[in-house]
Amino acid sequence: MTATTSDVKTISINEGVAVVTLNRPQVMNALNIQLREEIMQLAQAMDADPDVNVIIFTGAGDKAFCAGADLKERGQRTTEEMYNERRFFRGRWVNVIASMAKPTIAAINGYCLGGGLELALQCDLRIASDNAKFGLPEVTLGFLPGAGGTQRLPRAIGLQKAKEMILTGKHIDAAEAERLGIVLRVVSRAELMPAAMDLARSIAKNPRIAVMQAKVALNASLETMLSGGAQAENEAWLACLLSDTWKAKLERFKD
Ligand code: CO8
C-alpha cells in the first residue's frame, strides 16, 4: 500500500510507520459511515502490507482527534436503520483496530470523545497533546458507549473511575487522562507527532514476528487466567521459530 487520500482520511507511510489521519476537521473528525468503512478496510490492508510495521492513528487539525460518532448523520437515521447498523456492522467495528496483528498508536490531539475515545482505546498505545480532552458522553445522549468503551475503559483505569466517566459523561483533561493511565504520556501539540513517530520507530525497528507475537501474548493476559495466559505466551514464543530472524539476531554472539 502506498500513501493514499480519500474524502475522509489520509495515509502516509515512512520507515515502516503508517500514519492514518482522520480527515474531517470541519466536524471534529467525527466518524461517519464512510470513515468507519474505510478504517475497517485499511486495518486489513495494513496488516497485510509488508512495508508497514506500526500504525499511528491521529486527527486532522488542532481541535480534535475525533469527537465520536457523526451526530449529524445519525440524527437523520430511522430507528430501524440504527438497529440494523448495530446488529450487522458494530460487531466488526468494536474490535477492528484491537484485532490488528501489528501494533497501533493513537496520537490524540484535542477532543477525544465517545466513539473517538473507543477507537483510541482499541489502540495498543496512546499519546496525547496537552490540549486533549477525553470523555464518553453517550449516556447524555440516551445511549451507552457501544464500541467497546464499557469494557476497555475499566480495564485501562479500573471499574470505579470508568463508572464515574461513563455514568456522568464528563470530560477530563490530558493531565487527568495521564494520571488515570488512559494515555502513556502527554506532550505539547508540536511534539505530538514527533513523539508518536519516535515511539513507533522504536517498535518498528524490532523484528516484526517478535513484536506481533509479543502483542498476541500480551493481549492474552487480559483474556485468560494466568495458566492459560502462560500457555498462550508459550504458543506465541514457539511461533517465532517459524522465522529464522532470531538466528540472524544471535549471529554476533557466536564465538
Ligand atoms: N458529529 C457531527 N458533527 C460534530 C460532532 C459530531 N460528533 N462534534 C462536533 N461537530 C461539529 C459541530 O456541529 C460544528 O459544526 P457546525 O460548524 O456545522 O455547527 C463543528 O463540528 C465544530 O463544533 P463546535 O462548534 O461544537 O465546537 P466547540 O469547540 O464549541 O465544541 C465539542 C466542541 C465539545 C466537541 C462539541 O462539538 C461537542 O460536544 N460535540 C459532540 C461530541 C459528542 O457528543 N460526540 C458523540 C459521542 S457519542 C458517540 O460517539 C457514540 C454515538 C452515540 C449515539 C448517538 C445516537 C443518536
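Up top is the structure these notes are about.
About the cut-offs
- Residues numbered from 1 in each chain as written.
- Predicted model: local features only at pLDDT ≥ 70, side-chain atom pairs only at ≥ 80, totals over all residues.
- Heavy atoms only, no water.
- Helix = DSSP H or I, 4+ residues; strand = E, 2+ residues; numbered from the N terminus.
- Rg over C-alpha atoms; globule rule 2.2 N^0.38 Å.
- Buried < 20%, exposed > 50% of the residue type's maximum accessible area, 1.4 Å probe, protein only.
- Areas by Shrake-Rupley, 256 points an atom, 1.4 Å probe, with all protein chains shown as cover.
- Phe/Tyr/Trp six-rings, centres within 6.5 Å; stacked < 30°, edge-to-face > 60°.
- Lys NZ or Arg CZ within 6 Å of the ring centre and 35° of its normal.
- Patch = residues over 30% accessible without salt bridge, like charges linked within 9 Å, V, L, I, M, F, W, Y side chains within 5 Å.
- Salt bridge = Lys/Arg side-chain N within 4 Å of Asp/Glu carboxyl O.
- Pairing = 2+ DSSP bridges.
- Contact = heavy atoms within 4.5 Å.
- Axes fitted to C-alpha atoms, helices over the stretch in contact; angles between N-to-C directions.
- Near = heavy atom within 4 Å.
- Polar contact = N/O pair within 3.5 Å; in protein donor to acceptor, adjacent residues only side chain to side chain.
- 1 Å grid on protein atoms, 1.4 Å probe; cavity = no way out; pocket = protein on both sides within 12 Å on 5 of 7 lines; lining within 4 Å.
- Sits in = over half its atoms within 2 Å of the grid points.
- Points joined across faces, edges and corners; volume = space filled by probe spheres on them.
- Nonpolar A, V, L, I, M, F, W, Y, C, P; charged D, E, K, R; others polar.
- Domains from an automatic or database assignment.

Draft legend 1. How the structure looks around the overall build of the protein. Of regular secondary structure, the protein possesses 12 helices and 11 strands. Its C-alpha atoms give the protein a radius of gyration of 19 Å, within 12% of the compact-globule value 18 Å for 255 residues. Burial status across the protein gives 45% buried among its 255 residues. Counting every atom, the protein has about 13,300 Å² of accessible surface; 55% of that belongs to carbon and sulfur.

Draft legend 2. Spotlight on the packing of aromatic side chains. Inspection of every chain in the model, using the stated rule, returns zero aromatic pairs. When the ring centre of Trp-93 is taken as origin, the NZ or CZ atom of Arg-36, which lies over that ring, is 5.7 Å away.

Draft legend 3. Representation of a nonpolar patch on the surface in the model. A contiguous nonpolar surface patch, about 660 Å² in accessible area, is contributed by Trp-237, Leu-238, Leu-241, Trp-246, Leu-250 and Phe-253. Within the secondary structure, Trp-246 sits in helix H12 (residues 245-250). A relative accessible area of 40% places Trp-246 in the partly exposed class.

Draft legend 4. Local environment of the sheet that holds strand E4 (residues 54-59). Read across the sheet, seven strands follow the order E1-E2-E3-E4-E6-E8-E11 without closing on themselves; strand pairing throughout is mixed. Only two strands of the sheet have a single partner each, and these edge strands are strand E1 (4-5) and strand E11 (185-187). Inspection of the sheet shows E4 paired to strand E6 (residues 104-108) by four bridges, in the parallel sense. Bridging from a neighbouring strand, Ile-55 pairs with Thr-104 of E6. Helix H9 (residues 189-204) contacts strand E3 (17-22), E4, E6, strand E8 (125-129) and E11 of the sheet and is inclined by roughly 160° relative to E8.

Draft legend 5. Region of the structure containing the site of the ligand. Taken together, 20 residues form the shell around the ligand, and within it Ala-67, Ala-69, Leu-71, Lys-72 and Gly-115 come nearest. Here an oxygen atom of the ligand sits 2.7 Å away from a polar atom, N or O, in the side chain of Lys-72. Gly-115 is positioned with one of its backbone polar atoms (N or O) 2.8 Å from an oxygen atom of the ligand. In isolation the ligand has 1,100 Å² of accessible area, and contact with the protein removes 63% of it. In this structure the site holding the ligand corresponds to the second largest pocket. Among the elements of the structure, helix H2 (71-75) and strand E7 (111-113) are those that each provide at least two residues to the shell around the ligand.

Draft legend 6. Structural context of the layout of surface pockets. Estimates place the volume of the largest pocket at around 940 Å³. Leu-121, Cys-123, Asp-124, Asn-219 and Leu-222 are the residues nearest the centre of the largest pocket, which is lined by 34 residues in total. Only helix H5 (115-122), E8, helix H6 (149-157) and helix H10 (208-223) provide two or more residues apiece to the lining of the largest pocket. Here the element with the most residues in the lining of the largest pocket is H10; it accounts for eight residues. When the residues that make up the lining of the largest pocket are grouped by side-chain class, the tally is 17 nonpolar, 10 polar and seven charged. Residue-level mapping places the lining of the largest pocket at the junction of two domains, with at least three residues from each of domain 1 (2-204) and domain 2 (208-253). Computed from the structure, the second largest pocket encloses a volume of approximately 750 Å³. Taken together, 31 residues make up the lining of the second largest pocket; nearest its centre are Ala-69, Leu-71, Arg-74, Glu-138 and Leu-141. Mapped onto the lining of the second largest pocket, the elements with two or more residues apiece are H2, helix H3 (79-88), helix H4 (90-93) and H5.

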